[in-house]
Amino acid sequence: MSIHKNITRILLSTVLLFNLSCYSQQMPKGEVVEFGLGIAEDATPALVSRILKANEKPISEIKFEKGTYHFYPDKGFEKFCYISNHGDLMVNTPFPIFNIENLTIDGQGSTFIFHGVMIPFLIDESKNISIKNVSIDWYQSFHSEGLIVANDEVNKTFDMQISDEYPYDIRNGELFFIKEYYQHTIGQSILFDPKRKAIYFDTEAYTNITTKSKSTTTNNLDNIKYKYEYDKRDVGYKNIGIENRVTVKELKPGLLRVYGHTKKMPPVGHILSMKGEQGLNRVSPAFSVKHTNGFNALNVNVHHAGGMGIIAENSANLILDNFNVTPSQGRMVSTTADATHFVGCRGKVVLKNCTFENQLDDASNIHGTYQKIVDVLDEYRIGVRMGHHQQKAFVIGQPNDNLGFVRLSNSFFAYQKATIKSIEYINNRYQIITLNEKLPADVLPGDLVENLDGYPNLLVQNCTIRNNRARGLLISNPVNTVIENNFFSTEMEAILIPVESGHWYESGNAANVVIRDNTFQDCQHGGKDRGVIRFDTDDDNKNIAFKNIEIVDNTFNQFDNLILEVTNLDGLVFKGNTITNTETFPRLHPKNPAFKVKRSKNIKFQNNIYKGKVKNEAVLETDETMSNLKFK
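Summarised in this report is the structure supplied together with it.

Criteria and cut-off values
Residues numbered from 1 in each chain as written. Predicted model: local features only at pLDDT ≥ 70, side-chain atom pairs only at ≥ 80, totals over all residues. Heavy atoms only, no water. Pairing = 2+ DSSP bridges. Helix = DSSP H or I, 4+ residues; strand = E, 2+ residues; numbered from the N terminus. Axes fitted to C-alpha atoms, helices over the stretch in contact; angles between N-to-C directions. Phe/Tyr/Trp six-rings, centres within 6.5 Å; stacked < 30°, edge-to-face > 60°. Buried < 20%, exposed > 50% of the residue type's maximum accessible area, 1.4 Å probe, protein only. Lys NZ or Arg CZ within 6 Å of the ring centre and 35° of its normal. Patch = residues over 30% accessible without salt bridge, like charges linked within 9 Å, V, L, I, M, F, W, Y side chains within 5 Å. Areas by Shrake-Rupley, 256 points an atom, 1.4 Å probe, with all protein chains shown as cover. Salt bridge = Lys/Arg side-chain N within 4 Å of Asp/Glu carboxyl O.

## Some details on the sheet that holds strand E16 (residues 198-199)
Thought 1: Taken together, the seven strands give an open sheet; going across it, the order is E16-E15-E21-E10-E11-E20-E19, and neighbouring strands pair in antiparallel fashion. Because the sheet does not close on itself, it has two edges, and the strands there are E16 and strand E19 (247-252).
Thought 2: Sheet analysis places strand E15 (residues 189-193) next to E16, joined by two bridges and oriented antiparallel. Bridging across to E16, phenylalanine 192 finds its partner in isoleucine 199.

Encoded structure:
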């Protein structure tokens, strides 16, 4: 039996069993609570009051009369939250779903509109939670948009028309956009094409707007020493030695001139999306799901969020069916970060019949977490450090999980494993892990650990991914992955399969991946010199990182040359695929081959149809490890 048939059989059977299990477990055992339009002006206090009584007076279902409901933070349940890949802050929520089982929330077609910094659904330590038939939006967005109306390449200025939807003020030449309960600077930015309602072609030549430069005056900064390693990109350190480069002047109300940008001036008629400074601009995901077994989202639209559509951590068995991230109110942007993101999740993760469009990061990112060993305390205990500042307080596992020890200079795979006995939380960057077995004899500070059990069986099926910044799917999953019958049209890679062991510390060397029957339409149109599908590692060595990959029966309608980049891979079948050249855009990298393969083995090309613009032998580029490989 082939890899893709076997993996599909496993995934579909486990999803069916999970659905039957959820159905049996979610038979009503509590009250059905109904809310009508009488609370629509601010639904927050009524929801908070009833949900906080759920442990004494259980709820099986919360139903809303169909309508539009507003939610304000002033009377929301307040909680300090560490949320992976977001800012860490005090937030308010109308749905504090903590330690609750077998609950369904049915919007019955309603629209929920949020105001300010809130997390609509904050779910933790719960079981079998279902959200369905609801649309989520914000009254004021966490990003702002400006129409480019003039530019001057000689004087390096451009003019933006700002609508009344985006109030602003200018402080000593720095532009601030003012919202309810929130404000942001230009910060991270990208161009949209209003005709295509998609990221502008070759936007990398024009954006980000270069708002920062090195400080012109510093004194003795090199004399500052730190006893322990610190994260230079953490919000507390990132602006040391940095000053503002860009200044803004109002020509008349709503018309602004921007000075100091160093890339090409943005073209007239296009829309600049601005979302504020990195590290400060992810504050309100629509769903935060932690330590939860069984989460279903059915017929849910996320029109906007100040962060991700959903961020799930250390959870199991999550199904998103007709979960759509798509903009509203004439905006170019839906969510300001990933549409979906899963960290350390296990069991099943299923994305089916979804649309992910116009978000300002990936459609989905599925991975584990590397943590660095900084102390070997005794034969059973290690001290570990969180590598990335947006992984603070992340607990890598639970008792009896298998912990893998990784030394990337030798291998991307664990050199030994042991099971977790307990984890002692010291602070948000440092924890002590006690093991049931003795540590490896040769363990060293600087080695990494990963949770070998914290990965899912992943199915991405019948989804549309388009018009967004960055990638389609970013997958680091060594269990089983099937990506089938999806449509991709992305600014960067449609599918990136990495080992990100450095800045992001996102673990998981992919294996058993099937990519079949998908359509890839003009991906990588943002300007990056990368393949539509790419396997890549942070560490530049010859060690194998990826195993058992099938890319079969896909259609690549591509304006540029490079289709596939492969590195550090053992076992790839690229079969039955059709590649055409669309001429939708001019080629950005015409000297590229269609395929690049290096530091790999057991690669097979079979029965593919190539109708691109690369000629003959130049279609395939290899290094000495695969010098005899031929494209067929």
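## Quick notes on the sheet that holds strand E14 (residues 182-184)
Thought 1: Taken in spatial order, the three strands make up an open sheet running E12-E13-E14, and their pairing is antiparallel. At either end of the open sheet lies a strand with only one pairing partner, and these are strand E12 (168-171) and E14. Looking at each pair of strands side by side, their axes are set apart by 30 degrees on average, direction ignored.
Thought 2: By the bridge criterion, three bridges tie strand E13 (residues 174-179) to E14 in an arrangement that is antiparallel. Across the sheet, isoleucine 178 pairs through a bridge with glutamine 183, a residue of E14.

## Description of the packing of aromatic side chains
Thought 1: Under the counting rule described, the total for this entry stands at 36 aromatic pairs.
Thought 2: Between phenylalanine 201 and phenylalanine 559 the ring centres are 5.7 Å apart and the planes differ by 80 degrees, which places this aromatic pair in the edge-to-face class. With a gap of 358 residues between them, phenylalanine 201 in the loop between E16 and strand E17 (212-214) and phenylalanine 559 in the loop between strand E46 (555-558) and strand E47 (564-567) connect regions that are remote in the sequence. Comparing phenylalanine 201 with phenylalanine 559, the two get one shared label, buried.
Thought 3: A cation sits over an aromatic face here: arginine 407 above tyrosine 415, 4.9 Å from the ring centre.

## Quick word on a nonpolar patch on the surface
Thought 1: A cluster of nonpolar side chains, namely Leu221, Ile224, Tyr226 and Ile240, defines an oily patch on the protein surface of about 340 Å² accessible area.
Thought 2: By the element assignment, isoleucine 240 lies in the loop between E17 and strand E18 (242-244).

## Quick word on the pairing of strand E27 (residues 346-352)
Thought 1: Within E27, six of the seven residues are buried, which leaves it mostly tucked inside the rest of the structure.
Thought 2: In the sheet, strand E25 (residues 316-325) pairs with E27 via five bridges, with the strands oriented parallel. If you follow leucine 320 over to E27, its bridge partner there is leucine 351.
Thought 3: Bridging between E27 and strand E36 (residues 456-461) involves six bridges; their strand directions are parallel.

## Brief notes about unusual backbone geometry
Thought 1: Asparagine 208 follows threonine 207 through a cis peptide bond whose omega is 5 degrees.
Thought 2: Looking at the element boundaries, asparagine 208 is found in the loop between E16 and E17.
Thought 3: Even without a glycine there, the phi angle at tyrosine 181 is positive, about 65 degrees.
Thought 4: Given the relative accessible area of 44%, tyrosine 181 is considered partly exposed.
Thought 5: Look at glutamine 524: it is not a glycine, yet its phi comes out positive at around 60 degrees.
Thought 6: Locating glutamine 524 in the fold gives a position in the loop between strand E43 (519-521) and strand E44 (533-537).

Limitation: the analysis is restricted to geometry and does not speak to function.
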